[in-house]
Amino acid sequence: MTNQIQTQHLEDVIKNHGQDMANKVVVITGTTSGTGFVCARELARKGATVILLNRKSERAESALQQLKESVPEANFDAIDCDLQNLASVTEAISKIKSKYDVIDVLVNNAGVMALKDQATKDGYDIQMQTNVISHFLLTKELYPLLKKSQEGRIVNHSSMARLGGPLKMEFFEKNGGNLGGDEADVKTPGLRGPRWERYHQTKLANAVFTYALKNKLNEANISNIIPLVAHPGLAKTQLQITTSTDGGMDINSDFMKQAQSPEDGATGIIRAAMDPEAKAGNFYGPSAGWTGYPDVLTPEELLYDESNIQTYWNGCEKAVGEFVL
């Protein structure tokens, strides 16, 4: 169904903000479909070596073959990485370090949305571990390789669901299955109910990570690493299908009829990964809200609020250890 939506902005974003990515190594999480797949394809077309981090599955194998067919000359390296299992993430990190000395771009793209209130095997909320904690672990462990790049980029993927209340430590702790239950208002776009509050916490956390990094890198006088953030607006991808199947939303709602294509949804992270003019803390997304060209946005105060930064950083370090810059 996604191919019925006309793509409007991807070509212009590549033309206006792309750069030669030859000799650059890019790591992207969640490339089996949607924004991650499009990002991997477009960066490969620009010459990047693209490391694909996905949970082992037939979907992952199929996506790899599609990418190879789309960009036959590209170098794709698929490494198994289950973000819902910290041991799997650690193993993926070890494989990357054994094969690569430098990483130029890390795109923390993968995510799940409004799933049932359930714990991972590590004890954390399935949304918080997938969307936030595992990406923090990836970033801190791959940071030494990013630091070796002439210009290392860390791209985080947020969403409109970032808007709402402040971060709360209980969502970062081993409280999976005890964070409000499974209620969701599936008939309205209001993102209401505990499923959506858990999702909000993760998408706010993704954005806060960027501004926490910006502050800490500034304090450490490190200028060759650029933390960035993007949001896709409303794009019709596998993300919504999974959520709908799990009972978290109505995929056929009037709200979803406004959605843009996965290609246009990916333009924010693509611009963040390539724009030669990118500066630390830049936030890319549709200025109109749900759809449109990925402009440079003004971050809301809650994204760089010091109490949110402290909650985020302390919660993630407690979960997976100290981030040493």
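Here's a quick rundown of the structure. As the structure is a computational prediction, the values presented were derived from the model and not from experiment. (Residues numbered from 1 in each chain as written. Predicted model: local features only at pLDDT ≥ 70, side-chain atom pairs only at ≥ 80, totals over all residues. Heavy atoms only, no water.)

Re the sheet that holds strand β6 (residues 225-230)
Then, in step 1: Strands sit in the order β3-β2-β1-β4-β5-β6-β7-β8 across an open sheet of eight strands; the sheet is mixed. With one partner strand each, in any of the chains shown, β3 (75-80) and β8 (294-297) form the two edges of the open sheet. Strand-to-strand, the axes of this sheet are offset by a mean angle of 20 degrees, without reference to chain direction.
Then, in step 2: Where strand β1 (residues 25-29) meets strand β4 (residues 105-108), three bridges bridge the pair, whose relative direction is parallel. Opposite Val26, over in β4, you have Val105 as the bridge partner. (Pairing = 2+ DSSP bridges. Helix = DSSP H or I, 4+ residues; strand = E, 2+ residues; numbered from the N terminus. Axes fitted to C-alpha atoms, helices over the stretch in contact; angles between N-to-C directions.)

Examining the packing of helix α2 (residues 34-45) against helix α9 (residues 267-274)
Then, in step 1: Viewed as axis vectors pointing N to C, α2 and α9 meet at an angle of 35 degrees, and their least axial separation amounts to 9 Å. In the packing of α2 onto α9, the handedness of the crossing is right-handed. On α9, the residues that touch Thr35, Val38, Cys39, Glu42 and Leu43 of α2 are Ile269, Ile270, Ala273 and Met274. (Left-handed = near helix turned anticlockwise from the far one by under 90°. Contact = heavy atoms within 4.5 Å.)

Re the environment of Tyr124
Then, in step 1: With respect to the helices and strands, Tyr124 occurs in the loop between β4 and α5 (126-147).
Then, in step 2: Separated by 49 residues in the primary sequence, Tyr124 and Glu173 have C-alpha atoms spaced 6.3 Å apart.
Then, in step 3: Sequence-distant contacts of Tyr124, defined by excluding residues within four places in its chain, comprise Leu86, Gln118, Ala119, Gln129, Ile133, Phe172, Glu173, Lys174, Gly176 and Ala319.

Focus on the packing of aromatic side chains
Two numbers describe a pair of aromatic rings. These are the distance of the centres and the angle of the planes.
Then, in step 1: Under the defined criterion, the tally for this structure stands at 12 aromatic pairs.
Then, in step 2: Ring centres of Phe136 and Phe209 lie 5.6 Å apart, and the angle between their planes is 45 degrees; on these two criteria the pair is classed as tilted. Here Phe209 lies in helix α6 (residues 194-219) and Phe136 lies in helix α5, a separation of 73 residues in the sequence. You'll find Phe136 and Phe209 in the same group, each marked buried.
Then, in step 3: With centroids separated by 6.3 Å and ring planes inclined at 55 degrees, the aromatic side chains of Phe209 and Trp313 adopt a geometry described as tilted. Taken together, the residues span a long stretch of sequence, with Phe209 in helix α6 and Trp313 in helix α11 (residues 306-320) at a distance of 104 residues. Each member of the pair, Phe209 together with Trp313, is buried.
Then, in step 4: Cation over ring: Lys216 sits above Trp313, and NZ or CZ is 4.6 Å from the ring centre. (Phe/Tyr/Trp six-rings, centres within 6.5 Å; stacked < 30°, edge-to-face > 60°. Buried < 20%, exposed > 50% of the residue type's maximum accessible area, 1.4 Å probe, protein only. Lys NZ or Arg CZ within 6 Å of the ring centre and 35° of its normal.)

Points about the environment of Ala266
Then, in step 1: The residue Ala266 is located in the loop between α8 (262-265) and α9 in this model.
Then, in step 2: Here Ala266 falls in the buried class, since its relative accessible area comes to 0%.
Then, in step 3: Note: C-alpha distance between Ala266 and Thr35 (231 residues apart in sequence) is 4.4 Å.

What about the nonpolar core?
Then, in step 1: With 55 residues, the main nonpolar core has Ile51, Leu53, Ile96, Phe136, Phe172, Tyr312 and Trp313 as its most contacted residues.
Then, in step 2: Sorting the residues of this core by element identifies β1, β2 (49-54), α4 (86-99), α5, α6, β6, α10 (301-304) and α11 as the ones contributing at least two each.
Then, in step 3: For this core, the element with the highest residue contribution is α5, accounting for 10 residues.
Then, in step 4: If sequence neighbours within four positions are ignored, Ile51 has contacts with Val25, Val26, Val27, Ile28, Asp77, Ile79, Ile96 and Tyr100. (Core = buried A, V, L, I, M, F, W, Y, C linked by side-chain atoms within 4.5 Å.)

Section: the pattern of salt bridges
When charged atoms on two side chains of opposite charge get close, those side chains can pair.
Then, in step 1: Evaluation of the coordinates by the stated rule reveals 13 salt bridges.
Then, in step 2: For Lys99, the salt bridge is made with Asp77, and the minimal N-O distance between the two is 2.8 Å. With Lys99 in helix α4 and Asp77 in strand β3, this residue pair connects regions lying 22 residues apart in the sequence.
Then, in step 3: Owing to a relative accessible area of 11%, Asp77 belongs among the buried residues under this scheme. (Salt bridge = Lys/Arg side-chain N within 4 Å of Asp/Glu carboxyl O.)

Comments concerning the side chain of Thr49
Then, in step 1: Mapped onto the fold, Thr49 is located in strand β2.
Then, in step 2: For Thr49, a relative accessible area of 16% translates into the label buried.
Then, in step 3: In terms of polar contacts, Thr49 uses its side chain to reach the side chain of Asn75, at 3.5 Å.
Then, in step 4: Those residues in contact with Thr49 that lie beyond four places of it in its chain are Lys24, Val25, Val26, Asn75 and Tyr100. (Polar contact = N/O pair within 3.5 Å; in protein donor to acceptor, adjacent residues only side chain to side chain.)

Observations regarding the side chain of Arg198
Then, in step 1: Summarising the element assignment, Arg198 is placed in helix α6.
Then, in step 2: Beyond its immediate sequence surroundings of up to four residues, Arg198 is in contact with Leu115, Lys116, Asp117, Asp125, Gln127, Phe171, Leu179, Gly180, Gly181 and Asp182.

Regarding α5
Residues lying three or four places apart along an α-helix face the same way, a consequence of the helix completing one turn every 3.6 residues.
Then, in step 1: An ideal rise of 1.5 Å per residue puts 32 Å on 22 residues; α5 measures up with 30 Å between its terminal C-alpha atoms.
Then, in step 2: The largest bend in α5 comes to about 40 degrees, at Glu141, with the proline Pro144 one to four residues further on.
Then, in step 3: Burial runs high along α5: 19 of the 22 residues are buried. (Expected span 1.5 Å × (residues − 1). Bend = angle between axes of the 7 residues up to and from the residue.)

Comments concerning the packing of α4 against α5
Then, in step 1: Close contact between α4 and α5 brings their axes to 10 Å; oriented N to C, the two are set at 25 degrees. Considering the angle they form, α4 stands roughly parallel to α5. The two elements α4 and α5 cross, and the hand of that crossing is right-handed. Of the residues in α5, those touching α4 at Leu86, Val89, Thr90, Ile93, Ile96 and Lys97 are Gln129, Ile133, Ser134, Leu137, Leu138, Glu141, Leu142 and Leu145.
Then, in step 2: Per-class residue counts for the contact of α4 with α5 are nine nonpolar, three polar and two charged. (Parallel < 35°, antiparallel > 145°, perpendicular 65-115°, else oblique. Nonpolar A, V, L, I, M, F, W, Y, C, P; charged D, E, K, R; others polar.)

Interpretation note: all reported values are geometric properties and have no functional meaning in isolation.
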